[in-house]
Amino acid sequence: MPDARPPLPPFTRLTAIEKVRAAENGWNGRNPERVALAYTADSRWRNRSEFFEGRPAIVAFLTAKWAREHEYRLIKEIWAHGEDRIAVRFAYEFHDAGGAWFRAYGNENWEFDAHGLMRVRHASINDRPIAESERLFRWDASGPRPDDHPGLTELGL
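Now for a look at the structure at hand. (Residues numbered from 1 in each chain as written. Predicted model: local features only at pLDDT ≥ 70, side-chain atom pairs only at ≥ 80, totals over all residues. Heavy atoms only, no water.)

1. Some thoughts on helix 1 (residues 13-28)
At 3.6 residues per turn, the α-helix brings residues three or four places apart onto the same side. Quick reminder of the rule: Strands are runs of DSSP state E lasting at least two residues, helices are runs of H or I lasting at least four, and both sets are numbered from the N terminus onward. How far a helix is expected to stretch is found by multiplying one less than its residue total by 1.5 Å. The cut-offs for exposure are 20% and 50% of the maximum accessible area for each residue type, with area from a 1.4 Å probe on protein chains only; residues under the lower value are buried, those over the upper are exposed, and the others partly exposed.
Across its 16 residues, helix 1 extends 23 Å between first and last C-alpha, which sits within 8% of the 22 Å expected from 1.5 Å per residue. Along helix 1, the residues classified as buried are Ala16, Lys19, Val20, Ala23, Glu24, Trp27 and Asn28. At the C-terminal side of helix 1, arginine 30 shows a positive phi close to 50°.

2. With respect to the environment of arginine 73
Going by this rule: Residues are treated as being in contact if the distance between any of their heavy atoms lies within 4.5 Å. Polar contacts here mean pairs of N or O atoms no more than 3.5 Å apart (in protein, one a potential hydrogen donor and the other a potential acceptor; neighbouring residues in sequence count only if both atoms are side-chain atoms).
Turning to its location among the elements, arginine 73 is positioned in strand 3 (residues 70-81). Residue arginine 73 is classed as buried on the basis of its relative accessible area, which comes to 7%. For the pair arginine 73 and tryptophan 27, spaced 46 residues apart in sequence, the C-alpha separation works out to 8.6 Å. In this structure, arginine 73 is in contact with Asn28, Ala91, Tyr92, Glu93, Arg135, Phe137, Arg138, Trp139, Asp140 and Ala141, ignoring residues within four places of it in sequence. Only 2.6 Å separates the side chain of arginine 73 from the backbone oxygen of tryptophan 139, close enough to count as a polar contact.

3. A look at the pattern of salt bridges
Which entries qualify depends on this criterion: A carboxyl oxygen of Asp or Glu within 4 Å of a side-chain nitrogen of Lys or Arg is what we treat as a salt bridge.
Taken as a whole and judged by the stated rule, the model has 17 salt bridges. Notably, a salt bridge pairs arginine 103 with glutamate 93, separated by 2.9 Å at the nearest N-O pair. One end of the pair, arginine 103, is in strand 5 (residues 101-112); the other, glutamate 93, is in strand 4 (residues 85-95), and ten residues separate them in sequence. In this structure, arginine 103 and glutamate 93 share a single accessibility class: buried.

4. Overview of the nonpolar core
Within soluble globular proteins, side chains that are nonpolar tend to cluster in buried spots. As a reminder, the rule being used: We define a nonpolar core as any set of buried Ala, Val, Leu, Ile, Met, Phe, Trp, Tyr and Cys residues linked to one another through side-chain atoms lying within 4.5 Å.
Ranked by internal contacts, the top residues of the largest apolar core, which has 30 residues, are Trp27, Trp45, Leu62, Ile86, Tyr92 and Trp110. Secondary-structure elements contributing two or more residues to this core are helix 1, helix 2 (32-36), strand 1 (39-47), helix 3 (55-68), strand 3, strand 4, strand 5 and strand 6 (118-130). Those residues in contact with isoleucine 86, other than ones at most four positions away along the chain, are Phe11, Ala16, Lys19, Val20, Ile78, Ala80, His81, Glu108, Asn109, Trp110 and Phe112. Counting five residues, the second-largest nonpolar core is a separate cluster that includes Ile75, Ala91, Phe137 and Leu152.

5. Remarks on the packing of aromatic side chains
Our working rule: Any pair of Phe, Tyr and Trp rings, taking the six-membered ring for Trp, is counted once the centres come within 6.5 Å. Such a pair is stacked with planes under 30 degrees apart, edge-to-face with planes over 60 apart, and tilted for the rest. Placement of a charge over a ring requires the Lys NZ or Arg CZ to be within 6 Å of the ring centre, with the centre-to-atom vector within 35 degrees of the ring normal.
Summed over the entire model, instances satisfying the criterion amount to 14 aromatic pairs. Between tyrosine 72 and tyrosine 92 the ring centres are 4.9 Å apart and the planes differ by 40°, which places this aromatic pair in the tilted class. Of the two residues, tyrosine 72 is situated in strand 3 and tyrosine 92 in strand 4; the sequence distance between them amounts to 20 residues. Overall, tyrosine 92 belongs to the buried group, its relative accessible area being 2%. Consider the rings of phenylalanine 90 and tyrosine 92, whose centres lie 6.1 Å apart with planes at 10°: the pair is stacked. Residue phenylalanine 90 is classed as buried on the basis of its relative accessible area of 5%. Members of the aromatic cluster, joined through ring pairs, are Trp27, Tyr39, Trp45, Phe52, Phe61, Trp66, Tyr72, Phe90, Tyr92, Phe94 and Phe102. Lysine 76 extends its terminal NZ or CZ atom over the ring of phenylalanine 90, reaching a point 5.1 Å from the ring centre. Against the face of tryptophan 45 rests arginine 121, its NZ or CZ located 4.3 Å from the ring centre.

As structure tokens, then:
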């Protein structure tokens, strides 16, 4: 399976948590081409009010996203899981080109194929303006969230 992305379904709680952290780490790397490889070639997405399908559309979406969301840092946390599905909640912080800071809150529902590639992603997201002093995600953005950095529950989010 050259395109396999372990852990593979059926998920246990531990493998679902591992899958969530791998997704978080990938998105924090902010490399659209690399992130898109975690999705099936025909993956279907709903992100806020946008609907699209396929890796080229994912790359275009993420390229535009990270061009306007500066200093992007994301934390994901498992909410529930089934054999080939995972539900997560997340928050991320970023600033726009004018320097205004935001924290986005959201929920995602994921469905995977047998190779561990995400074939469906539904995301509902709300942005909240925050002051720079309210930021909670301050790790070095050149890498993933450190293992000892608190998660959403520990941060009270």
